[in-house]
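# Summary of the model geometry
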Amino acid sequence: MNLDWNDIHYFLQLVENQTLTATAAALDVEHSTVARRIERLEKQLGLHLFDRINKRYLLTADGDRLYQEAKKLQFNVRQFTQLAQEGIQTLSEVRISVPPFIANSVLSPHLGEFYRRFPHIRLVLVSDVALSNLYQRQADIAIRLSVPSQNELVARRLCNIDYYWYAHRDYLAHTAESDWQFLDLNINNQQVKWVQQQLEGKTIRFACNDFLLMQSAIRQQLGIGFLPELYRLPEFEPALQMPPFALPLYLLMHQDVRQSKSVREVADFLVEVLGD
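Overview of the structure. This one's a predicted model, so the numbers in the text were calculated from it and none came from an experiment. (Residues numbered from 1 in each chain as written. Predicted model: local features only at pLDDT ≥ 70, side-chain atom pairs only at ≥ 80, totals over all residues. Heavy atoms only, no water.)

## A few points about the packing of helix H1 (residues 5-17) against helix H2 (residues 20-27)
The contact between H1 and H2 brings their axes to 8 Å, and the two run at 125 degrees. By the angle between their axes, H1 is oblique relative to H2. Two packed elements cross with a definite hand, and for H1 against H2 that hand is right-handed. Counted together, His9, Tyr10, Gln13, Leu14 and Asn17 of H1 and Leu20, Ala22, Thr23, Ala26 and Leu27 of H2 form the full contact between these two elements. Considered class by class, the residues forming the contact of H1 with H2 number six nonpolar, four polar and no charged. (Axes fitted to C-alpha atoms, helices over the stretch in contact; angles between N-to-C directions. Helix = DSSP H or I, 4+ residues; strand = E, 2+ residues; numbered from the N terminus. Parallel < 35°, antiparallel > 145°, perpendicular 65-115°, else oblique. Left-handed = near helix turned anticlockwise from the far one by under 90°. Contact = heavy atoms within 4.5 Å. Nonpolar A, V, L, I, M, F, W, Y, C, P; charged D, E, K, R; others polar.)

Rendered as structure tokens:
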């Protein structure tokens with residue numbers, strides 16, 4: 001038996017409206033369509049569902065028994081439809097592990113564009129520099145300044161993060177090079193040795209491991225500090241006598257998470273807006 005749900009829907013409507021005319025009006029169809037649907041359902045079931053009294057259709061005992069089951073079926077169909085709609089509307093969550101200064105200076109300007117294009121995705125940014133959360137599947141994507149050796153990770157280079165020795169323009173204008181003082185930034189293992197080599201024999205007036213602190217110290221003219229170009233202020237000028245430094249920025253993720261449509265969309269967006 002291959003029943004048509006629409007026939008059952010017509011059956012329910014006729015029970016509730018009792019006449020062909022009222023049922024046809026409720027369904028916005030011809031009354032002959034209602035009659036044909038009910039006749040077909042009765043024939044398929046091999047049951048007499050209604051007694052016709054004048055223009056009214058009243059349930060028989062078999063009809064009343066099936067009406068209760070049809071109501072349950074109607075409820076289940078509505079639940080099925082609702083769940084399907086909720087599935088479409090549910091946000092897919094994608095977690096990105098990213099160093100704080102990349103999150104603040106590189107990613108944040110692109111959030112508006114991302115949500116205009118991907119309203120079905122909820123981003124969760126986890127600001128840290130450890131890769132443990134990526135290995136433990138606590139993040140779907142990691143953005144890092146180095147590529148780990150683990151083979152299960154897929155790496156894609158995005159761009160370079162450029163660092164310069166900056167000073168306030170007034171500091172450079174009014175301080176002789178022989179009197180320059182320096183601000184030491186110790187924030188990335190790849191930079192530490194190189195920075196220490198550049199500062200060898202120089203006067204270090206201040207040291208920190210935070211870009212915002214370094215930016216503030218430079219703005220207050222404490223000396224010449226090492227800073228990503230992303231944190232440069234209009235009044236900062238590079239000390240051209242000091243060499244710049246660059247680190248590549250990478251997008252990392254496990255091979256298997258690429259099967260997720262939402263993760264791929266986020267990864268492609270990051271490559272698009274952050275790639276050089």
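That shown, we press on.
## Examining unusual backbone geometry
The phi torsion at Asp28 lies on the positive side, around 60 degrees, for a residue other than glycine. Assignment of secondary structure puts Asp28 in the loop between H2 and helix H3 (31-45). Taking the relative accessible area as the measure of exposure, Asp28 reaches 71% and is therefore exposed. In this model, Asn54 sits at a positive phi of 55 degrees, which is unusual for a non-glycine residue. Relative to the helices and strands, Asn54 resides in the loop between strand E1 (50-53) and strand E2 (56-59). (Buried < 20%, exposed > 50% of the residue type's maximum accessible area, 1.4 Å probe, protein only.)

## Brief notes about H2
What H2 keeps buried is the set Leu20, Thr23, Ala24 and Leu27. Viewed end-on, H2 has its buried residues packed into an arc of 100 degrees, placing them on one side of the element. Residues of H2 that are exposed and point over 90 degrees away from its buried face: Thr21 and Ala25. Check the buried side of H2 and you find it contacts H1, H3 and E2. Phi turns positive one or two residues past the end of H2, at Asp28, with a value near 60 degrees. (Arc of directions from axis to C-beta.)

## Concerning the pairing of strand E7 (residues 182-185)
Because side chains alternate across E7, one face comprises the buried residues Phe182 and Asp184, and the other comprises Leu183 and Leu185, equally buried. Sheet analysis places E7 next to strand E8 (residues 204-208), joined by four bridges and oriented parallel. Each bridged residue has a counterpart across the sheet, and for Leu185 the counterpart in E8 is Cys208. Direction of pairing for E7 relative to strand E9 (residues 224-228): parallel, over a ladder of two bridges. Bridge pairing in E9 places Leu183 opposite Gly225. (Pairing = 2+ DSSP bridges.)

## Regarding the nonpolar core
Counting 56 residues, the largest nonpolar core has Ile141, Ile143, Tyr163, Trp165, Val266 and Leu270 as its most contacted members. Residue-level mapping places this core at the junction of two domains, with at least three residues from each of domain 2 (89-159 + 248-274) and domain 3 (160-246). Counting residues in hydrophobic clusters, the runner-up holds 17 residues, among them Ala24, Leu27, Ile38 and Tyr57. (Core = buried A, V, L, I, M, F, W, Y, C linked by side-chain atoms within 4.5 Å. Domains from an automatic or database assignment.)

## Quick notes on the packing of aromatic side chains
To describe a pair of aromatic rings, one takes the distance between the centres and the angle between the planes. Throughout the structure, instances matching the rule amount to 21 aromatic pairs. Seen in terms of ring centroids, Phe50 and Tyr57 are 5.7 Å apart; in terms of plane orientation they differ by 75 degrees. Their pairing is edge-to-face. By relative accessible area, which is 0% here, Phe50 ends up buried. When the ring of Phe114 is compared with that of Tyr115, the centres are 5.4 Å apart and the planes differ by 90 degrees; the resulting orientation is edge-to-face. Look at Phe114 and you get buried, because its relative accessible area is 1%. A residue is classified by how much of its surface remains accessible, and Tyr115, at 34% relative accessible area, is partly exposed. Grouping aromatic residues by their ring pairs yields a cluster made of Phe101, Tyr163, Trp165, Trp180, Phe182, Trp194, Phe211, Phe226, Tyr231 and Phe245. The positively charged end of Arg37 is found above the aromatic ring belonging to Tyr10, 5.0 Å away from the centroid. Positioned above the aromatic ring of Phe182 is the side chain of Lys202, whose terminal nitrogen or guanidinium carbon lies 5.9 Å from the ring centre. (Phe/Tyr/Trp six-rings, centres within 6.5 Å; stacked < 30°, edge-to-face > 60°. Lys NZ or Arg CZ within 6 Å of the ring centre and 35° of its normal.)

## A word on the side chain of Thr23
Looking at the secondary structure, you find Thr23 in helix H2. By relative accessible area, which is 0% here, Thr23 ends up buried. A polar contact of 2.8 Å, which involves the side chain of Thr23, links it to the backbone oxygen of Thr19. (Polar contact = N/O pair within 3.5 Å; in protein donor to acceptor, adjacent residues only side chain to side chain.)

## Considerations on the environment of Tyr115
Position of Tyr115 among the secondary structure elements: in helix H6 (residues 111-117). In this view, Tyr115 contacts Ile121, Arg122 and Leu123; residues no more than four positions away in its chain are not counted. A polar side-chain atom of Tyr115 sits 3.0 Å from the main-chain amide nitrogen of Leu123.

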